[in-house]
Amino acid sequence: MPTTGQPGETPVRSKRADARRNQQTLLAAAAEVFVASGVDAPIREIAAKAGVGVGTIYRHFPSRADLIVAVYRHQVEACAEAGPVLLAETGSPYEALRRWIDLFVDFLVTKHGLAKAMQSDSNGFATLHAYFLDRLEPVAAHLLDAGVEAGEIEPGTRAYELMRGVGDLCVDHGSDPRYNPRHLIDLVFRGLRRTS
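What follows deals with the overall build of the chain. Counting secondary structure elements, the chain contains nine helices and zero strands. In the chain, the succession of helices and strands from N to C terminus is α-α-α-α-α-α-α-α-α. The buried share among the 196 residues of the chain stands at 35%. Taking the intrachain contacts of the chain between residues at least 6 apart in sequence as the baseline, contacts between residues at least 24 apart amount to 65%.

As structure tokens, then:
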């Protein structure tokens, strides 16, 4: 049962839920700014997008690295949680995987610049990479397996290979305006689809 100090005070659990929601809003805003302006974007730009003061961001995330890591984890969790939801909603494992890969690509775009930002802490980056694989590889594997079981996806593709291939296609996506990795990812998906 929630506890309160004095009559009329907000229950402690409610305050925690509000704080969590506010932090999720802040992380989503930071992710959007990172996509648009890179991980070196001014903190005031993130604060404006989130509708909070700069002090609020520093209270939650004392350094830029803390914010980047939190955004990274937030995006990984959102991507991981989306897999089962898409599978339940679409009615087609192939389409669920396709939509999940779109989210994965969005995540990779958000992640752009993270390695550079984390260079001073290579151990921290290695830990984040392991976390990324631990959370997302099983989701991709489950979607692939569901597609194979439904007869929509050719068997034999491993989740790691698919994620690695998509990741490689997204490297330096912003360095050449003529290059859109999503076009090549569409070709990959045509190859995954079972036709007979």
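What follows is about the pattern of salt bridges. Enumeration over the complete set of coordinates arrives at nine salt bridges. In the salt-bridge network here, residues are joined through shared partners; they are Arg98, Asp102, Asp106, Arg182 and Asp186.

With that out of the way, let us pick up the side chain of His74. Looking at the secondary structure, you find His74 in helix H4 (residues 64-90). Its relative accessible area of 16% is what places His74 among the buried residues. Beyond its immediate chain neighbours, meaning those up to four positions away, His74 contacts Gln24, Leu27 and Ala28.

Glancing now at H4. For H4, which comprises 27 residues, the first-to-last C-alpha distance of 38 Å matches the rise-based estimate of 39 Å (1.5 Å per residue) to within 8%. Taken as a whole, H4 carries its principal kink of about 30° at Gly83; the proline Pro84 stands between one and four residues after it. Backbone geometry just after H4 places Gly91 at a positive phi near 80°.

The biggest cluster of nonpolar side chains holds 35 residues, and the ones touching the most others in it are Leu97, Trp100, Ile101, Phe104, Phe132, Leu136 and Val166. Elements supplying a minimum of two residues to this core: H4, helix H5 (93-111), helix H7 (122-149), helix H8 (159-170) and helix H9 (181-192). Looking at this core element by element, the count peaks at 10 residues for H5. Those residues in contact with Leu136, other than ones at most four positions away along the chain, are Val76, Cys79, Ala80, Trp100, Phe104 and Met163. Residues Ala30, Ala31, Ile43 and Ala50 belong to the second largest nonpolar core, which totals 19 residues.

Attention shifts here to the confidence of the model for the chain. On average, the chain scores 84 in pLDDT, and the residues at 70 or more come to 83%. Predicted confidence in the chain is weakest over helix H6 (residues 114-117), with a mean pLDDT of 56, and strongest over helix H2 (residues 43-50), with 94.

Rules used in this analysis
Residues numbered from 1 in each chain as written. Predicted model: local features only at pLDDT ≥ 70, side-chain atom pairs only at ≥ 80, totals over all residues. Heavy atoms only, no water. Helix = DSSP H or I, 4+ residues; strand = E, 2+ residues; numbered from the N terminus. Buried < 20%, exposed > 50% of the residue type's maximum accessible area, 1.4 Å probe, protein only. Contact = heavy atoms within 4.5 Å. Salt bridge = Lys/Arg side-chain N within 4 Å of Asp/Glu carboxyl O. Expected span 1.5 Å × (residues − 1). Bend = angle between axes of the 7 residues up to and from the residue. Core = buried A, V, L, I, M, F, W, Y, C linked by side-chain atoms within 4.5 Å. pLDDT = per-residue confidence, 0-100.

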